[in-house]
Amino acid sequence: MSELSLLVLLPFLAATLTVAVPGRAASLGLVATAANALLVVSLCREIIARGAVEQVIGGWAAPLGITFVGDGLAAVMLAMTAIVSLAITAQAMSTPGRAGFWPLWMATLGALNGLFLSGDLFNLYVAFEILGLAAVGLTALAGTPMALRAAFDYLTAGLAGSLLILLGIALSYSVTGRVDLETVVVLTESSNGRIALALIAAGLAVKAALFPLHFWMPAAHSSAVPVASALLSALVVKGALYLALRLSIEGGAGAEFLRSALAVLGTGGMLWGAWNALRAERLKLLVAHSTVAQIGLIALAIGVAGDPLQNGLWTAAALLMLSHALAKAAMFLAVGRIAEALGHDRISGLNREELRPGAAEFAFAIAAISLVGLPPTAGFIGKWILIEGLVDEGAVHWIALLLLGTALSAAYLSRVVSRCLRGGPHVSATAQRLPWRSGDVAALGLATGALLLGLAAALPLTLLEVPFA
Amino acid sequence: MLPVFDVVLAAAILVSAALALWVRDRIAAVSGFLVTGLLVSLSWLRLGAPDVALAEAAIGAGLTGALLLRSAHRIPCAPSKALPPSLWCAAGALAIAISGAIVWTVTSFGAAPVYPSLVADNLPESGAQNPVTAVLLNFRAWDTLLEIAVLFVALTVVIMVAPARPRTAPLGPLVQPFARVLLPLTVLIGGHLLWQGGHAPGGAFQAGAVLAGGAIALGLSGVIGSKLTRQNGLALLAIAGLAIFALAALAAEVLTGALLGYPAGEAKTWIIAIESALTLSIAATLFLLFFGPAERH
Amino acid sequence: MTAFVEALGLAMMLAGTAFLVVAAIGVWRLPDLLSRLHVLTKADTAGVALIAIGAAIHVQDVAATLSLALCTLLVAVSGATTGHLIARDQFNPSVADAEEGA
């Protein structure tokens, strides 16, 4: 059996098993994520050694059948998912979970793997359906009225996004007569094809929480339980961003109109998210708004990169996605631990005297460094590649905006980091230092991973340089 | 003659949809939705898509309508807030812009679809004479597998967020004989639809929906409600569909080297086996979506 | 002979449609729930049965005729049962406070 088949099917099998044997759900989840990580490693080695791999499902070649395409970009996304999923599984095993977490999480993993490998527009839509529905369930996991409300809004927004995507796919079928990814380049050649692409992109913007369609997201990400927030923020929104990047690659030069829109909306999101993060009073809300800003940054990176078939600037976007996934997952996990220790997550109450900053605060600080993009993190490498390319093109205004976004992210993240280092009388009555748990390992490990990724950036870059299939 | 019928049908769909949207009473709105669903399934028939018509009638109008009715009954009425006019105008403008773009795109020249000829050419090897079944269970079986996963996730979410199930009072002495007549008939019709799917409109989704309808009637009448839904066996049956489909996909790869690539000449057997499992699983899923999860002990 | 049989089938279908139209007018015009139910359940069953017989005469095929008979049976059984349920709800709302789905 090939790695590709197992990558997409093992999580679903694990999901059904976790329902059938709820008592063993956590260990089943661990086995599944570990196996998933091993499969990804083996796939990456194969891709580096022999180039992009393809697998024709059922022996029916596209466009009749569906083809899995495992190229460098897909491999980097799979690896990102595998790393984050290990940490999330470790964290979830150490916290008493609610029934329903494991099947939903495994289904999310399977949907993400299927999404990154799929070479067919309609199949991508179905994968998005699983992803969106599972994400709604994960948001509702907390069970509080606020979480249920946020989950319902998420469901509505997600359905609107799905309908737009489906409409776009139906239109592209009427324009080109086929629904595999090869159709994208044909779509860019006619104006009604571009309308179809624009509808798909609008749906993706809802799902990725791209400004100004991000309205559902801060509430959903901040009212979920910490593992679910980490998962939603680090991985689920990446599905839509990945597809935007894929459309930009498949469309080539003709997709420039999409890239311009992404650049403009991305800038808006970067600034608006940062502004809201600066004003947020709760820690989880700050992190959620920072996700809006970082998604804006990634969209901006996809948008200004130009034709991916001509130059390699788009790798910056992929690197930024990777580093954001690791850092943001670490940050949400750390925030969960901080809130648990203090009994609240008000930013004004973060300073304390008796409780010295612990592992969670440390993990938050490292993750913040990576999100801001200080060397030697992967975030730095991504921004470096981008700015270097923009300098060559003389696009000074984009560089200025990028630097402004970076400065703003440093500003809002330092609100938290500086408070944690400051003493003060605001220790709440219930505050207590939590015993060392595997949850700290997860957050710290991810944050360290984000840091080290900058030093080992050669690995993802080698993968990304593998020519497309 | 025929265009007149189609025009009346299209107008009726619009009117009933508008009724469902604007009527104030909830039950009336759901009734409007039901009527819209039935008319839409008629329009699928007119468009030459009997498979879609069947699915729309059974799932879109029938089971969704039943679910909505139940929810309309259970959820307390929220005070209706009037939308500000600016929002109305913005929503209207957006809807008109999107519809305009769609109309323009659809009416302007497009390429001929590549699928009909491809499907027709490969139909003999697919193990099914009905092109829709060939696409769903062979050419693009991967899509179908993911759709079964969607059902699985939906059921998981419902089980997770559903409140404790309120006790359903049995619907009275006349309903039990009704359900007893109905259930064998639904088994018959479901089996027929499943078998017929190989060469004519039908298949696992339609058959599963019909079965679920019969089971729901039986559940509402109070015959099986307390006995069957309290056990986890039904939930296991519901999730078995995804597991069996996934295992079959991997087994096919072991045998032929292609994921979901059925061994030559045996495609029909594989398709019928997978579809039979899916029918039972879909029926159990829909039943549980309606009645909620088994009670926890 | 064939022409006569076809005319007979057509007449049956027309009569069935007329039944349904009358029922629709009745539901619209009659003053209270019970009389509406009365007209609905009877005319519904009779109308569908007549249309089915007419169609069966036209297709002259055993399998199709059996399907039509099944349709008629289902409409008759479900019409009678739902009519009963709605009427009971009118007289005794507390019993039917359970969920409706039929």
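The shown structure was predicted, so the numbers you read here are calculated from the model rather than taken from an experiment. (Residues numbered from 1 in each chain as written. Chains lettered and ligands numbered in written order. Predicted model: local features only at pLDDT ≥ 70, side-chain atom pairs only at ≥ 80, totals over all residues.)

### Let's talk about the interface of chain B and chain A
And step 1. Across the contact, 45 residues belong to chain B and 49 residues belong to chain A.
And step 2. Among the elements of the structure, helix 4 (85-107), helix 5 (115-126), helix 6 (131-139), helix 7 (141-161) and helix 11 (233-256) of chain B are those that each provide at least two residues to the side of chain B that touches chain A.
And step 3. A per-element tally of the side of chain B that touches chain A places helix 7 of chain B first, with 15 residues.
And step 4. Grouping the constituent residues of the side of chain B that touches chain A by class yields 34 nonpolar, seven polar and four charged. (Contact = placed C-beta atoms within 7 Å. Helix = DSSP H or I, 4+ residues; strand = E, 2+ residues; numbered from the N terminus. Nonpolar A, V, L, I, M, F, W, Y, C, P; charged D, E, K, R; others polar.)

### Structural notes on the domain arrangement of chain B
A common measure of how large an interface is: the accessible area buried when the components associate.
Residues and elements named next belong to chain B.
And step 1. By domain assignment, chain B separates into domain 1 (1-74) and domain 2 (118-297).
And step 2. The C-alpha centroid of domain 2 is placed 23 Å from the C-alpha centroid of domain 1.
And step 3. Every contact between the two is made by 10 residues of domain 1 and, on the other side, 14 residues of domain 2. (Domains from an automatic or database assignment.)

### Details of the environment of Phe128(A)
All names here are of chain A.
And step 1. As for its position among the elements, Phe-128 is in helix 5 (residues 121-140).
And step 2. Judged by local crowding, Phe-128 falls into the buried class, with 25 C-beta atoms found within 10 Å.
And step 3. C-alpha of Phe-128 to C-alpha of Ser-85: the two residues are 43 residues apart in sequence and 18 Å apart in space. (Buried ≥ 20, exposed ≤ 12 C-beta atoms within 10 Å, placed from the backbone.)

### Digging into the UniProt feature "transmembrane region" (unreviewed entry) in chain C
Residue and element names in this part refer to chain C.
And step 1. Mapped onto this numbering, the UniProt entry annotates "transmembrane region" (unreviewed entry) at residues 7-28 and 48-77.
And step 2. Taken as a whole, residues 7-28 contains 100% helix and 0% strand, while its terminal C-alpha atoms sit 31 Å from one another.
And step 3. This span, residues 48-77, is 93% helix and 0% strand, and a straight line between its end C-alpha atoms measures 12 Å. (UniProt positions renumbered as here; feature names shortened; annotations may be inferred.)

### Digging into the nonpolar core
And step 1. Counting residues in hydrophobic clusters, the biggest one holds 284 residues, and the most contacted among them are Ala329(A), Ala330(A) and Ala367(A).
And step 2. Element by element, the count of residues in this core is highest for helix 13 (residues 314-342) of chain A, at 20 residues.
And step 3. Counting the residues that make up this core, at least three belong to each of domain 1 (1-74) and domain 2 (118-297) of chain B.
And step 4. Contact partners of Ala330(A), with chain neighbours within four places excluded, come to Ala363(A), Ala367(A), Ala443(A), Leu446(A), Ala447(A) and Ala450(A).
And step 5. The next biggest cluster of nonpolar side chains, apart from the first, holds 13 residues, and it includes Phe19(C), Ala23(C), Leu40(C) and Ile53(C). (Core = buried A, V, L, I, M, F, W, Y, C linked by C-beta atoms within 7 Å.)

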